Amino acid sequence: MSIHRVCFVGAGAMGRVNAVRTALAGYPATLYDVDPRCLEAAPAQLEESAELLVAGGQCSAADIPAALARLSVEPDLARAVDGVDLVSESVYERLDIKREVHSQLDALCAPQTIVTTNSSFLLPSEIEAGLSHGERFAALHSYMASPLMDIVGCSRTKPSVIDTLRDYAASLGAIPLVLNREYPGYLLNAMLGPVLATAKLLLLEGRGSCEEIDRSWMRRRQAPAGPFGILDLIGLGLVHDSWQHREDEGPIPGLRPRVLSLLEPYVRRGDLGVRSGRGFYCYPDAPYMAPGFAAGGPQREDLYRPLELALLGSALAIAGSNVAEPADIDLAWRIGMSLDAGPFELFAELGRARFAARFSQHVGAGCFDPGRADVALQYLGRGSPEAPA
């Protein structure tokens, strides 16, 4: 199997960026959206998406005109998917909407067409359940400003589909990570989500301000941004929607209603983060972006330590669930967060016994999902070469 032409269903930010990235690699691509207004705005917005990739160093400005010439918009779904080898869906993150769209794609696409979801939060198997052609369905999940691409099949996915998607991702200059099985949040989001949730909990409990929490993380990890800067970059509207529509309570028991109450005033005001000019910080002159911010106050270990435990516990739970090997988990974190060390590499700073004691206290204080904590501690206790020393 090989990919020659691609269709992107959903002309939002992710669909546009993925379409431009594909066109930059030489593929003709079509962009479809059910909303005519999105398609009318698409040409100008595709140029903005291209500028984002230029700013991120993923291409040069000279590459853009030829790439945009390979892109077209199509208001009719049947025509949009006609003759394509791959469909990438990036519609609104609601299961009923995803299922409806994939039911249409299931009926319209040719038998050999690979159909994928770019969902960040929903499990592929939840979308695949009602499809007649589950053998050609998989998750191909990308990140806005990162070369990482997660690939995971469902129970009926053909191995050749996974191989083709791996080759396609590599042809884009991406780093494909093939997961052994599906997992909420894949790899990067499955680690980042609990870190961000822990930061929200620290803020809600009054243990530190946004600046203090971000500074504690940025100084210790030499990171360009802390949790609240990252939330502003993601967009508070998207973060709010992800918490509003999730079926579980998230990585911290009982946190969901508290997070929604924290975010709702921002969403009502339209203070959605970097793109709106205001979120947890004001832009373009957010304090954490200023030189010397990380070193500008005392290091708060009481704020950094819960964030680190959330990261390490999540990484152990992923490995313990046989989703991916520690090396791939570390790679996802290093590349995705632009940091010099992955979670398994950070265990050298703590050691097994000290981590286990601190993590047990962390879980006992209600700061981590007990089920995932059990998986993490069981993996830690195996004493295998893969488990951290």
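Up top you'll find the structure we're talking about.
Here is a short report on the structure shown in this document. Because the structure is predicted, anything quoted here is derived from the model rather than measured.

Spatially, the 8 strands line up as an open sheet ordered 3-2-1-4-5-6-7-8, and their pairing is mixed. What marks the edges here is a single partner per strand, and that holds for strand 3 (71–73) and strand 8 (175–178). Recorded for the sheet is a direction-independent mean angle of 25° between the axes of neighbouring strands. In terms of strand pairing, strand 2 (residues 29–32) meets strand 3 through 3 bridges, oriented parallel. Within strand 3, the residue paired with A29 across the bridge is L71. Sheet strands touched by helix 2 (residues 36–55): strand 2 and strand 3. Its angle to strand 2, the strand with the most contacts, is close to 130°. On the sheet, helix 7 (residues 159–171) packs against strand 1 (6–9), strand 4 (86–89), strand 5 (114–117), strand 6 (137–143), strand 7 (146–153) and strand 8 and is oriented at approximately 175° with respect to strand 7.

A few words now on the pairing of strand 8. Note: strand 7 against strand 8, 4 bridges, orientation parallel. Bridging from a neighbouring strand, L148 pairs with I175 of strand 8. Chirality of the crossover, the property in question, places the unit of strand 7, helix 7 and strand 8 among those that are right-handed.

Most often, soluble globular proteins have nonpolar side chains that are buried together. Among the nonpolar cores identified, the biggest contains 77 residues, and L187, F280, I329, W333 and F355 are the most heavily contacted of them. For this core, the leading source of residues is helix 13 (residues 301–320), giving 12 residues. Those residues in contact with F355 that sit more than four places away from it in its chain are L309, L312, G313, L316, F347, L350 and L380. With 33 residues, the next largest nonpolar core counts A19, L31, L71 and M149 among its residues.

How each quantity is defined
- Residues numbered from 1 in each chain as written.
- Predicted model: local features only at pLDDT ≥ 70, side-chain atom pairs only at ≥ 80, totals over all residues.
- Heavy atoms only, no water.
- Pairing = 2+ DSSP bridges.
- Helix = DSSP H or I, 4+ residues; strand = E, 2+ residues; numbered from the N terminus.
- Axes fitted to C-alpha atoms, helices over the stretch in contact; angles between N-to-C directions.
- Contact = heavy atoms within 4.5 Å.
- Right-handed = clockwise from strand over helix to strand, strands pointing away.
- Core = buried A, V, L, I, M, F, W, Y, C linked by side-chain atoms within 4.5 Å.
- Buried < 20%, exposed > 50% of the residue type's maximum accessible area, 1.4 Å probe, protein only.

Just geometry here; none of it tells us what the structure is for.
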